[in-house]
Amino acid sequence: MATKAQRFDYRQSMKNRQFEVFHYRDRKGENISVHHHDFYEIYFLLGGNVDFLVEGKTHRLEPGDLLLINPQELHQAQVAPDALYERIVLWIDRNYLAGLGGGQTDLAACFDNDSPLHTNLLRPDKIRRAALQDLLEKLTAEFYGGKPGGELYTQGLLLQFMVEVNRLVQNVTSQQPRQEDPDLVSQVLAYIGTHFQENITLEQLATEFYVSKYYLSHEFSKRVGISIYRYVIFRRLMLSKELMEAGNSPGGVYQSCGFGDYTNFYRAFKSEYGISPKAYYAQVNS
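First, a word on what this report is: a plain description of the structure on this page.

Calculation notes
- Residues numbered from 1 in each chain as written.
- Predicted model: local features only at pLDDT ≥ 70, side-chain atom pairs only at ≥ 80, totals over all residues.
- Heavy atoms only, no water.
- 1 Å grid on protein atoms, 1.4 Å probe; cavity = no way out; pocket = protein on both sides within 12 Å on 5 of 7 lines; lining within 4 Å.
- Points joined across faces, edges and corners; volume = space filled by probe spheres on them.
- Helix = DSSP H or I, 4+ residues; strand = E, 2+ residues; numbered from the N terminus.
- Core = buried A, V, L, I, M, F, W, Y, C linked by side-chain atoms within 4.5 Å.
- Buried < 20%, exposed > 50% of the residue type's maximum accessible area, 1.4 Å probe, protein only.
- Contact = heavy atoms within 4.5 Å.
- Salt bridge = Lys/Arg side-chain N within 4 Å of Asp/Glu carboxyl O.

## A few points about empty space enclosed by the protein
Line of reasoning, step 1. Evaluation of the coordinates by the stated rule reveals two cavities of 30 Å³ or more.
Line of reasoning, step 2. Looking at the largest cavity, its volume works out to about 260 Å³.
Line of reasoning, step 3. Every residue lining the largest cavity is counted, 19 residues in all, and those nearest its centre are Phe-8, Gln-12, Ile-32, Glu-41 and Val-89.
Line of reasoning, step 4. Where the lining of the largest cavity is concerned, the elements lending two or more residues are β1 (19-26), β2 (40-47), β6 (75-80) and β7 (85-92).
Line of reasoning, step 5. If you tally residues by element for the lining of the largest cavity, the top one is β7, at four residues.

This is the structure in structure tokens:
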């Protein structure tokens, strides 16, 4: 079934406390800078020429591809303006998805990047692609339809869709993965992932990996889309939000995240999220 497309919305935060779905169709794709969310995102490409960066890995997408992105993954769609760009984007609140499984099924398992068989990209066969697209289009139509019982109906459609996605992930990852030696940028990303709370500098990383800092800086920015410094700040900010959501006060969080002092933490947090750490803490712990 064909669904009406929405006008592109630049916001990267949820208004709905449960989930939101968008069907976008435009001639000129709007490139958003590297970013992350506090919620899960599922991106379903219907048409267009798109490279999608997720944590330093570039996925060349084909129509029908699904991308699964969790709140800890920095990502960016790079769209070539040479074709009609059409996609359906689904945002799901973490707590809402946890409750949707009824305590019996972990519907967030498909987003678990700690799993050794984790994959961001799913490329279903034609039959499954058609079934998933149909569910997403029905979900979009109901979400904006305003019909009686729409909220209950959309919840049922979302539940069915997430079960299908998790089954698809399980089927794909049950196959033996192809082993690859990690390249330089992948190694640096892994290193930062376990050391970002420490004092990390470009010079230190260059020494650690036996390359020039200029080469490392160039290769990292080309692959990840942002500088090493910016990536480290992102990692620290993401951790700070999680700690505050768990009830830790801003005054203690900044040290745990690797910020040298509260002033630097405050400036980075306010600049990125448009709200002060204390205001955010009050918001998530009210």
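Text resumes after the structure shown.
## Looking at the nonpolar core
Line of reasoning, step 1. In terms of nonpolar packing, the biggest core is built from 34 residues, with Ile-192, Leu-205, Phe-220, Tyr-231, Phe-259 and Phe-265 touching the most fellow members.
Line of reasoning, step 2. For this core, the elements supplying multiple residues, two or more each, are α4 (184-195), α5 (202-208), α6 (213-224), α7 (228-245), α8 (250-256) and α9 (262-273).
Line of reasoning, step 3. Ranked by the residues each element gives to this core, the list is headed by α7, at nine residues.
Line of reasoning, step 4. Contact partners of Tyr-231, with chain neighbours within four places excluded, come to Glu-55, Leu-74, Leu-189, Ile-192, Phe-220, Val-224 and Ile-226.
Line of reasoning, step 5. Judged by nonpolar contacts, the second largest core, of 30 residues, contains Leu-100, Leu-136, Phe-161 and Met-162.

## Some remarks on unusual backbone geometry
Line of reasoning, step 1. With phi around 50 degrees, Glu-55 is a residue other than glycine that occupies positive phi space.
Line of reasoning, step 2. For Tyr-210, which is not glycine, the phi torsion reads 60 degrees and is therefore positive.
Line of reasoning, step 3. Along the chain, Tyr-210 falls in the loop between α5 and α6.

## A few points about the pattern of salt bridges
Line of reasoning, step 1. Applying the stated criterion to the full structure yields 14 salt bridges.
Line of reasoning, step 2. Among the salt bridges present, the one from Glu-55 reaches Arg-235, with a minimum N-O distance of 2.6 Å. Here Glu-55 is found in the loop between β3 (49-54) and β4 (57-60), whereas its partner Arg-235 is found in helix α7, with 180 residues between them in sequence. With respect to burial, Glu-55 and Arg-235 carry one shared label: buried.
Line of reasoning, step 3. When salt bridges with common partners are traced through the structure, they connect Glu-62, Asp-65 and Arg-123 into a single cluster.

Taken by themselves, the reported measurements are silent on function.
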